[in-house]
Amino acid sequence: MKDLLRAADLTGDDLTLLLRLAAGFQTAPESAPDLLAHRIVPMYFAKPSTRTRLSTAAAVTRLGGTPVSVGPDELQLRRGETIPDTARVMGSYAAAIVIRTFSDTDVADLAAAAPVPVVNALTDGHHPLQAVADLLTVQEHFGHLRGHRIAYVGDGGNVARSLMEAAAIAGMDVTLATPPGYAPPDEAVAFAAAQADRSGGAVTLTNEPIEAVKNASVVYTDVWVSMGDPDDQREGRVRALAPYRVDERLMGHARDDAVFMHCLPAHRGQEVTAEVIDGERSLVFRQAANRLPATQAVLSALLTERLEGRR
Ligand code: CP
Ligand code: NVA
């Protein structure tokens with residue numbers, strides 16, 4: 001597999017490999033110092049980013065390369081140069097391209113024309129790098145993934161979709177509680193359910209947060225309004241999602257040893273209370289830290305052509 005555009009592109013073996021590589025980079029961060037020697041990795045961000053921008057920059061640097069952050073105003077894309085032309089040109093200088101933007105079609109077009117690996121650093125539809133770091137965090141905390149229920153409560157957007165896909169491929173039991181109309185797309189749910197059938201996991205969708213978190217080892221949420229969501233949806237989203245706030249009462253319905261996860265940035269008092277996110281059961285800063293070895297693993301696996309991929 002040349003690119004990582006969606007969590008659904010990964011096989012179970014790919015995930016196992018990525019988690020093993022990432023665990024290796026946790027203990028020996030500079031164990032592959034020459035993989036990107038004398039190479040650059042352009043990172044194109046059309047949306048804000050703290051974790052992804054800096055963890056990717058650190059990952060590239062640890063692999064011996066130089067990250068180059070560019071925004072929409074700095075490329076000729078802004079003045080009408082096509083995505084395929086941009087991809088071909090970038091590919092003649094770079095070892096890989098990391099991109100955060102709105103449209104998944106744009107990222108697919110870039111990947112199709114780029115002669116080097118393209119990594120989706122978040123689109124409106126997907127956040128695969130986050131999902132790899134999330135599974136790494138669950139594995140690090142509980143020792144294994146299988147047999148654990150991960151309950152996602154809130155908006156079924158990019159983070160929820162990639163988490164659901166990755167967890168199902170990895171054989172976890174995934175439950176999602178979203179308001180009606182806020183679930184991930186039907187084809188994503190069908191894909192995850194089929195993967196879970198094969199991997200020994202399970203995928204359950206509900207509108208009831210308490211039902212979702214029952215027996216859960218992990219309770220996960222994300223913001224109610226994502227970067228690609230239209231402004232005129234804000235009020236309706238907040239109204240629909242208010243009953244899905246993760247608070248101590250909801251955590252009380254999960255397992256006694258359940259942990260709380262959030263991709264960050266978070267809005268205390270909206271999707272999660274301060275008590276929960278700043279409490280003892282919160283893994284959010286481990287998750288954020290794990291973005292670095294997870295991205296290092298993804299880059300090193302793609303650059304050494306070790307991902308099998310589904311397509
Ligand atoms: N979780 C995440 O992707 O954070 P950033 O938007 O800060 O990169
Ligand atoms: N769903 C959020 C995730 C941010 C990391 C967004 O797309 O804005």
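Residues numbered from 1 in each chain as written. Chains lettered and ligands numbered in written order. Predicted model: local features only at pLDDT ≥ 70, side-chain atom pairs only at ≥ 80, totals over all residues. Heavy atoms only, no water.

Trainee: How should I be thinking about the packing of aromatic side chains in this particular structure?
Mentor: Any two aromatic rings considered together are summarised by their centre-to-centre distance and by the angle between their planes. Taken as a whole and judged by the stated rule, the model has one aromatic pair. The side chain of Arg53 reaches across the aromatic face of Phe45, ending 4.7 Å from its centre. (Phe/Tyr/Trp six-rings, centres within 6.5 Å; stacked < 30°, edge-to-face > 60°. Lys NZ or Arg CZ within 6 Å of the ring centre and 35° of its normal.)

Trainee: I would appreciate a short explanation of the site of ligand 2 in the present structure.
Mentor: Taken together, Leu122, Asn158, Val159, Asp222, Val223, Ser226, Met227 and Leu264 make up the full set of residues near ligand 2. In this structure, a nitrogen atom belonging to ligand 2 sits 2.8 Å away from a side-chain N or O atom of Asn158. Contact distances for ligand 2 include 2.6 Å between a nitrogen atom and a side-chain N or O atom of Ser226. Considered on its own, ligand 2 offers 270 Å² of accessible surface; in the complex 95% of this is hidden by protein. Of all the cavities here, the one that holds ligand 2 is the largest pocket. A class-by-class count of the residues in the shell around ligand 2 yields five nonpolar, two polar and one charged. (Near = heavy atom within 4 Å. Polar contact = N/O pair within 3.5 Å; in protein donor to acceptor, adjacent residues only side chain to side chain. Areas by Shrake-Rupley, 256 points an atom, 1.4 Å probe, with all protein chains shown as cover. 1 Å grid on protein atoms, 1.4 Å probe; cavity = no way out; pocket = protein on both sides within 12 Å on 5 of 7 lines; lining within 4 Å. Sits in = over half its atoms within 2 Å of the grid points. Nonpolar A, V, L, I, M, F, W, Y, C, P; charged D, E, K, R; others polar.)

Trainee: What's the story with the nonpolar core in this structure? I'm lost.
Mentor: Note on soluble globular proteins: their nonpolar side chains tend to be buried together. Leu18, Leu135, Val138, Ile150, Tyr220 and Val298 are the most contacted members of the largest nonpolar core, which has 66 residues in total. Not counting the four nearest positions on each side in its chain, Leu135 is found in contact with Leu15, Leu19, Leu145, Ala166, Ala167, Ala170 and Met172. Counting 19 residues, the second largest nonpolar core, distinct from the first, contains Tyr244, Ala254, Ala258 and Val276. (Core = buried A, V, L, I, M, F, W, Y, C linked by side-chain atoms within 4.5 Å. Buried < 20%, exposed > 50% of the residue type's maximum accessible area, 1.4 Å probe, protein only. Contact = heavy atoms within 4.5 Å.)

Trainee: Hey, could you run me through the sheet that holds strand β2 (residues 66-70) in this one?
Mentor: Strand order in the open sheet made by the four strands is β2-β1-β3-β4, with parallel pairing throughout. With one partner strand each, in any of the chains shown, β2 and β4 (118-120) form the two edges of the open sheet. Along the sheet, successive strands turn relative to each other by an average axial angle of 20°, direction set aside. By the bridge criterion, three bridges tie strand β3 (residues 97-100) to β4 in an arrangement that is parallel. The residue of β4 that forms the bridge with Ile99 is Asn120. (Pairing = 2+ DSSP bridges. Helix = DSSP H or I, 4+ residues; strand = E, 2+ residues; numbered from the N terminus. Axes fitted to C-alpha atoms, helices over the stretch in contact; angles between N-to-C directions.)

Trainee: Explain the site of ligand 1 here, please?
Mentor: Taken together, Ser49, Thr50, Arg51, Thr52, Arg100, His127, Gln130, Cys263, Leu264 and Arg291 form the complete shell of residues around ligand 1. At 2.8 Å from an oxygen atom of ligand 1 is found a side-chain nitrogen or oxygen belonging to Arg100. A distance of 2.9 Å separates a nitrogen atom of ligand 1 from a polar side-chain atom of Gln130. Starting from 260 Å² of accessible surface for ligand 1 in isolation, the protein chains cover 96%.

Trainee: What exactly am I supposed to notice about the packing of helix α6 (residues 158-169) against helix α7 (residues 186-199) here?
Mentor: For any two helices packed against each other, one specifies the inter-axial angle together with the distance between the axes. Contact pair α6 / α7: the axes reach a minimum separation of 7 Å and the direction vectors enclose 20°. What the angle tells us is that α6 and α7 run roughly parallel. Crossing of α6 against α7: the hand is left-handed. Where α6 abuts α7, its residues Arg161, Met164, Glu165, Ala168 and Ile169 lie against Glu187, Ala188, Val189, Phe191, Ala192, Gln195, Ala196 and Ser199. Across the contact of α6 with α7, the residue classes tally to eight nonpolar, two polar and three charged. (Parallel < 35°, antiparallel > 145°, perpendicular 65-115°, else oblique. Left-handed = near helix turned anticlockwise from the far one by under 90°.)

Trainee: How should unusual backbone geometry be read in this particular structure?
Mentor: It is generally the case that most residues other than glycine have a negative phi and that most peptide bonds are trans. Following Leu264, the chain continues into Pro265 via a peptide bond in cis, with omega recorded as 5°. If you trace the backbone, Pro265 turns up in the loop between β9 (259-262) and α11 (274-277). The backbone phi angle of Leu122 is positive, close to 120°, even though this residue is not glycine. Tracing the chain through its elements places Leu122 in the loop between β4 and α5 (128-142). Even without being glycine, Leu264 reaches a positive phi, approximately 65°. As for its placement among the helices and strands, Leu264 is situated in the loop between β9 and α11.

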